[in-house]
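# Survey of secondary and tertiary structure
The lines below spell out each chain.
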Amino acid sequence: MTTQSAFTSAEWKTLMQAPFVAGLYITMADPSLSGSFKESVAVASKVVNTARSTSGTELLMALAGEFNNFSHAAQARPEFAAHNIESIKAEALADINAAAELLQQKATAAESAEIRHWLYSVAVAAAEAAKEGGFLGIGGARVSDAEKAVLAQLAQALNISA
């Protein structure tokens, strides 16, 4: 059983930012104003629902539980040095890779797998939150081809099969 104390504060911050970075990575795949809002809400909802849940390893519950405390949750806001979308996407993917590596190095195999799958499920929730394409919500796809490609990249980064 792994606890928060196994991670440095910088490492814990990387893990706390990971669900939001995964959601942002999806948003950047096929950006739109209304879609971005819906995708952000989906990410927050998934994290909050996990925090309210009683199922999951202690490490996942500790990670999700951080978002019950506003001052801790504020630390989860990702910051990127880049200012263009392609560079931010590259930084985001690097951040996801870093989180996956931390989990594989410091958590048990079961905890690591659970959190990596949870991070992927956060991204899926974001991808499914808004239709892409179409006109005024008519037509379009629940998950665009660009989002499918990004989900595949996230699955690879998280070392999971999607």
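Think of each chain on its own: its residues are numbered from 1, step by step along the sequence as written. Given that this is a predicted model, residues contribute local features only at a pLDDT of at least 70 and side-chain atom pairs are listed and counted only at 80 or more, while totals for whole chains, interfaces and linings are drawn from all residues. As a convention, hydrogens and water are excluded, and side-chain values are obtained from all of the structure's heavy atoms.

## Some points on the pattern of salt bridges
Here is the rule: Whenever Lys or Arg places a side-chain nitrogen within 4 Å of a carboxyl oxygen from Asp or Glu, that contact is recorded as a salt bridge. Strands here mean DSSP runs of E at least two residues long; helices mean DSSP runs of H or I at least four residues long; both are numbered from the N terminus. Only protein chains enter the accessibility calculation, which uses a 1.4 Å probe. A residue is then buried if its area is under 20% of the maximum for its type, exposed if over 50%, and partly exposed in between.
The full count for this structure, using the stated rule, is two salt bridges. Close ionic contact of Lys89 with Glu86 constitutes a salt bridge, the shortest N to O distance being 3.7 Å. Taken together, the positions of Lys89 and Glu86, both in helix α5 (residues 85-106) and three residues apart, correspond to about one turn of that helix. Among the residues examined, Lys89 registers a relative accessible area of 17% and is labelled buried. Looking at Glu86, the relative accessible area reads 51%, which means it is exposed.

## What to know about α5
For clarity, the threshold we go by: The span you would expect from a helix comes to 1.5 Å times its residue count less one. Whether two residues touch is decided by their heavy atoms; if any such pair falls within 4.5 Å, the residues are in contact.
Here α5 is 22 residues long and its end C-alpha atoms lie 31 Å apart, about the 32 Å a rise of 1.5 Å per residue gives. Packed against the buried residues of α5 are α1 (9-29), α3 (58-65), α6 (109-128) and α7 (145-157).

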